[in-house]
Amino acid sequence: MPRAARSRVTAMTGDAFEETLAGFRRWAGTAERKLSGDPEEDAAELYTVFSLMPDYLGIDAPSELTAGSLNALLLDVYPRKVTVLDRKDSAYTIPALRDLISYLADTGAITAATARAMDRELDEIEPEFADAVMDPASWGPATAMMHAMHRDGVNIGDQASVDTWIAQQNAGVLDARAADPLSWDGVDLKDAFGIPDVVAPVRLPDDETLTALAVAVPLLAGLRGLARYVRETPVRAADVDPLLLGLAVEAELVERDGDTLVPGEDVEWLDDLTGGAAALDAWDYAFALVLDTTLKAAGQAEPQAGEDLDLAGHGIALVTELFLGGRAGVPVPQLSESLKSAAIAEVPPDAAERQWEEWAGAHGDPADLLLGQLAKLSAITVADEVARLEPLALHAVAAKLRACDVRVPDLPPPGAMTPDDVVLLSMFGTEEDFAEDFASWVAENTPEEAARELLAFAAGEGAAIRMAAVRVVSRLDDAAESALREALDRRELRCYAKMALIERLADPDPEQSVPAELKRTTEDLAWFITDSFASLTRIIDRNSRIPFDIAQLSDAGWDVSSEALFDAMARLDHPDAEAVLTMLGKHCEDKKTAKAARKAAFKAASRWASRRSKNLPTGENQHSTRIIPSHRARAVPVKPTNGFHTAEKGRDTFVRRVSP
């Protein structure tokens, strides 16, 4: 589907889904039959699945559902776009759809035959649904990021904590001492190095290109030549490079017979590498051997030198750090120092430096040895003392990380990137990674189109992603100015657009006064606080305390009391305002602040209840807010006492209700 079509808000679609949900609520309240789910639980789930249907099923109303569409929705789209942190929270979706089918059949929107076919389809889907939703291989990038933050205990309501977490992922700094000294085949990179659930996306060539690269690798040619040579004549082991010999022995291409080399059991293994996957398989095997055996083979030549050093697992640590370094690479001195620190960590301080110098004097710097072998394998390049992984190694490490349940998104060519790809790369990639691709992506559109697409995407996201998207838009100079001013008319973006525009004004003239339309209001602050705390509502422990201090806002230039702020939050048309106020009322450390939050939460609950009783939409009038406000979804208010968890719409995360 064209990008413009994906991002378009269609009033007709909004009305159809909105009317269906309102009609379902009335029907559920009067239906004589026993429903499969609770009516309120059903409504919340239907809000979520309705948000997915236009973009991913291509339908403009629930009545257009047909047999076969539910399988794609529930086993492909839903697991990819909806984040469920607890398996039991997936139990509401199938019953809600069963009740929707009954409603559509009862009201004549679908035929009885269609209803029976869809019920049978749900019977087949139900045993697989929970497994599909909880399978990391099915998650989208933003869903994986939310799981990663949740796993790492990040306070998602605290922007500083989120920024710190993102910065740590960007830095890609590994603690080599934490590496488990297992083989490449046996090590779990995620556990060994504390890698998060999602890392920066990578762009890889196709298998045909990778195969061609593998066929031309110098190190494989050297191993193949040695294997052929020993079949023709005895070869003295002393005449062969120790590192090449170590690899050949490990691969069983050759065997030692005293001081002589003879053919090994797999001497013919590398004779023909032109056969498709065979070359890639051989390269992967050689890559593992290089990582596992290079330092061991070097040390065997003079085992007494640096005998107490721990040199196991450092090849694995090195390529993992290079992978996280992205296109920017990692300086060779940094790799060397990291390896040294880990190798001498368990050696007594008075002997550590001496042993390191002994080993390096006998064999060379360990990092240089590893990088040299990896370069012969076409796994890395070194330029200006900076090492970078090449496509074959990127492919191998990405595959290993994915096998360890780490999400490594595939990055399409710049011209095919979507706004969420761009923002994801800006958050997780290096500046070098991002700047080059962003320039190419903008060139495929126009700066104005790029800015509007990014802001349309940001409108349906949480605080961290919205701020990241606005920062990206701010790079577009005049186009950013125009798009950000347009965003002032969107309540989801207004506070973020004001921040960016004020910053743009201050760049050339810090003393310039802020125009009236950009002055920050209490409503702006209320929206930002609600956005920032929304994700926390679904994961906060019942005994946790939130050090929310209105004085900090005063220090930041906001002249507002907690009562005024919370009252503004209660009046927001933000679907998470009630839940955030309820959370602050329960968990805020300051008793006075907590009391003000509880009072405001009661007001918000009354306001939503009044609107629900009238079956009115949540906007200022019947046309200002839709069930689907954009091609990205947003949080859904249903019960004032319920918590929230995240769901994905389009490609990224929003919040939806679950049972407490």
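Residues numbered from 1 in each chain as written. Predicted model: local features only at pLDDT ≥ 70, side-chain atom pairs only at ≥ 80, totals over all residues. Heavy atoms only, no water.

## Regarding the sheet that holds strand E6 (residues 386-389)
Taken in spatial order, the three strands of this open sheet run E4-E6-E5, and their pairing is antiparallel. Across the chains shown, the open sheet's two edge strands, defined by having one partner strand only, are strand E4 (330-331) and strand E5 (380-383). Strands E4, E5 and E6 of the sheet are contacted by helix H14 (residues 314-325), whose axis makes an angle of about 85 degrees with E6. (Pairing = 2+ DSSP bridges. Helix = DSSP H or I, 4+ residues; strand = E, 2+ residues; numbered from the N terminus. Contact = heavy atoms within 4.5 Å. Axes fitted to C-alpha atoms, helices over the stretch in contact; angles between N-to-C directions.)

## Let's talk about the sheet that holds strand E3 (residues 260-263)
Taken together, three strands build an open sheet; the order of strands is E1-E3-E2 and the sheet is antiparallel. Edge positions in the sheet fall to strand E1 (235-236) and strand E2 (254-257), since each has one partner strand and no second. As judged from the four bridges shared by E2 and E3, these two strands associate in the antiparallel manner. Within E3, the position partnered with Glu255 by the bridge is Val262. Sheet contacts for helix H11 (residues 218-232): E1, E2 and E3; angle to E3, the most-contacted strand, approximately 95 degrees.

## Concerning the nonpolar core
With 84 residues, the main nonpolar core has Trp283, Phe287 and Phe323 as its most contacted residues. Per element, the largest residue contribution to this core is 13 residues, and it comes from helix H13 (residues 277-300). In contact with Trp283, not counting residues within four places along its chain, are Ala214, Val217, Leu220, Leu377, Ala379, Leu392, Ala393 and Ala396. In terms of nonpolar packing, the next biggest core, distinct from the first, is built from 76 residues, Leu411, Ala534, Ile550 and Ala597 among them. (Core = buried A, V, L, I, M, F, W, Y, C linked by side-chain atoms within 4.5 Å. Buried < 20%, exposed > 50% of the residue type's maximum accessible area, 1.4 Å probe, protein only.)

## Some details on the environment of Phe193
With respect to the helices, strands and loops of the structure, Phe193 is situated in helix H9 (residues 189-193). On a C-alpha basis, the gap between Phe193 and Glu321 in space is 9.4 Å, while along the polypeptide they are 128 residues apart.

## Quick look at the pattern of salt bridges
Inspection of every chain in the model, using the stated rule, returns 24 salt bridges. For the salt bridge of Asp123 with Arg98, the shortest nitrogen-to-oxygen distance reads 2.9 Å. Of this pair, Asp123 sits in helix H6 (residues 112-133) while Arg98 is found in helix H5 (residues 93-106), placing the two residues 25 residues apart along the sequence. A salt bridge links Asp437 to Arg203; the shortest N-O distance between them is 2.9 Å. A residue pair is termed long-range when its members are at least 10 positions apart, and Asp437 in helix H20 (residues 431-444) and Arg203 in the loop between H9 and helix H10 (207-215) qualify at 234 residues. Asp437 gets classed as buried once you look at its relative accessible area, which sits at 2%. Three or more residues are tied together by salt bridges with common partners; here these are Arg98, Asp119, Asp123 and Glu126. (Salt bridge = Lys/Arg side-chain N within 4 Å of Asp/Glu carboxyl O.)

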